[in-house]
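These are the residues of each chain, in order.
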Amino acid sequence: MTRIAGVQAALPPHRYAQHELTDAFAELCLPDGKGLALLRRLHANAGVSYRHLALPLEQYAVLKDFGAANDAWISAAVDLGAEAVAGALKAAGLTVDDVDVLMLTTVTGVAAPSIDARVAMRLGLRGDVKRLPLFGLGCVGGAAGIARLHDYLLAWPSQVAVLLSVELCSLTLQRDDSTLPNLVGGALFGDGAAAVVLTGSDHSAAAGPSVVATRSRLYPESERVMGWDVGSGGFRIVLGADVPEVVRKYLGDDVKAFLAAQGLTVPEIGTWVSHPGGPKVLEAVSETLGLRPGALELTWKSLDAVGNLSSSSVLHVLGDTIRLDPSGHGLLLAMGPGFCSELVLLEW
């Protein structure tokens, strides 16, 4: 089986309390003051106490257009990405020369050469490293990246694969936009990165949990549940109010069928590693799966401490989980644009 040998989270140094971000968001997006009461209510109920930003707060007001925001995204993404990959390799007891494939997942900026190429050159990865930049997976990207690298390592069991997730959500902020999706996004999303080192079954590196099995699900007629509308101002968030209901409609049956195929049931899963979509989404996950109280405690703590980091979030929760040294079976799960879900069965 594929092994998770190392996980490293990385956060920008600029950390702010939620109330500071509420005030700054109001100045940028609600200059006439309309909708301020709704904004404050959304921020207060987001389950978020602090977030990290790619730039100092005062610099967002002077980003003149999408090009300037994307340039800032590239610079910060390479810095955070290099930090995350170097840290994950160190945690795994490996070096840059050991890496055979580097996968990038992101949905908050664009670059060619892609961020993985820039990180590979900064860190000095081998010239024959295989790169797989992925765009568009959003919040599901961390789970999907682990699943796809697991597929790869089944074919190349002696190799080392690295997943890098970089999401700088603050740099997608739409000014003068008082629509509900923009207000909700401004209440939830933060900036961060994470890297995961995976090794094939024939590799001798010290390792953490095994990846036992994975499953992907793409749901019908759900393209407008979550995603981006891309225009002259950059990425405008698409975020339907029905996300919790989609979770309730599909996730329970998907998880139960996936576990049944592995001879398991929901009560036999001792560890849950979930993406922190937001309070209503986490409540829907717990309800539809009938989870015991506290099963998603680390996910709630991550949401509170850093906000929703899109594809990076579930990897932050994974790192927190591994540090607790659990035993038995675990399930890593996330949902995102498509609308879709990814399930990864782990075993310690």
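None of the values given here were measured: they were computed from a predicted structure.

A.B. asks: Just checking my understanding: could you explain the sheet that holds strand 12 (residues 329-336) for this structure?
C.D. replies: Where strands meet in a sheet, backbone hydrogen bonds hold them as pairs that are either parallel or antiparallel. Taken in spatial order, the 9 strands make up an open sheet running 5-4-6-7-1-8-13-12-11, and their pairing is mixed. With one partner strand each, in any of the chains shown, strand 5 (130-135) and strand 11 (269-274) form the two edges of the open sheet. Averaged over all pairs of adjacent strands, the angle between strand axes in this sheet comes to 25 degrees, irrespective of strand direction. Bridging between strand 11 and strand 12 involves 5 bridges; their strand directions are parallel.

A.B. asks: Explain the UniProt feature "domain: Chalcone/stilbene synthase N-terminal" (unreviewed entry) in the chain to me, please; I cannot follow it from the model alone.
C.D. replies: Following the UniProt record, the feature "domain: Chalcone/stilbene synthase N-terminal" (unreviewed entry) maps to residues 71-201 here. Taken as a whole, residues 71-201 contains 42% helix and 23% strand, while its terminal C-alpha atoms sit 40 Å from one another.

A.B. asks: So what exactly am I meant to see when it comes to the pattern of salt bridges here?
C.D. replies: It is possible for side chains of opposite charge to pair when their charged atoms get near one another. Counted by the stated rule, this structure contains 13 salt bridges. A salt bridge links Arg248 to Glu245, with the nearest nitrogen and oxygen atoms 3.1 Å apart. One end of the pair is Arg248 and the other is Glu245, both in helix 7 (residues 243-261) and 3 residues apart, which spans about a single turn. Classification of Arg248 as partly exposed rests on a relative accessible area of 31%. Here the salt bridges share partners, and the residues they tie into one network are Asp100, Arg126 and Asp128.

Calculation rules
Residues numbered from 1 in each chain as written. Predicted model: local features only at pLDDT ≥ 70, side-chain atom pairs only at ≥ 80, totals over all residues. Heavy atoms only, no water. Pairing = 2+ DSSP bridges. Helix = DSSP H or I, 4+ residues; strand = E, 2+ residues; numbered from the N terminus. Axes fitted to C-alpha atoms, helices over the stretch in contact; angles between N-to-C directions. UniProt positions renumbered as here; feature names shortened; annotations may be inferred. Salt bridge = Lys/Arg side-chain N within 4 Å of Asp/Glu carboxyl O. Buried < 20%, exposed > 50% of the residue type's maximum accessible area, 1.4 Å probe, protein only.

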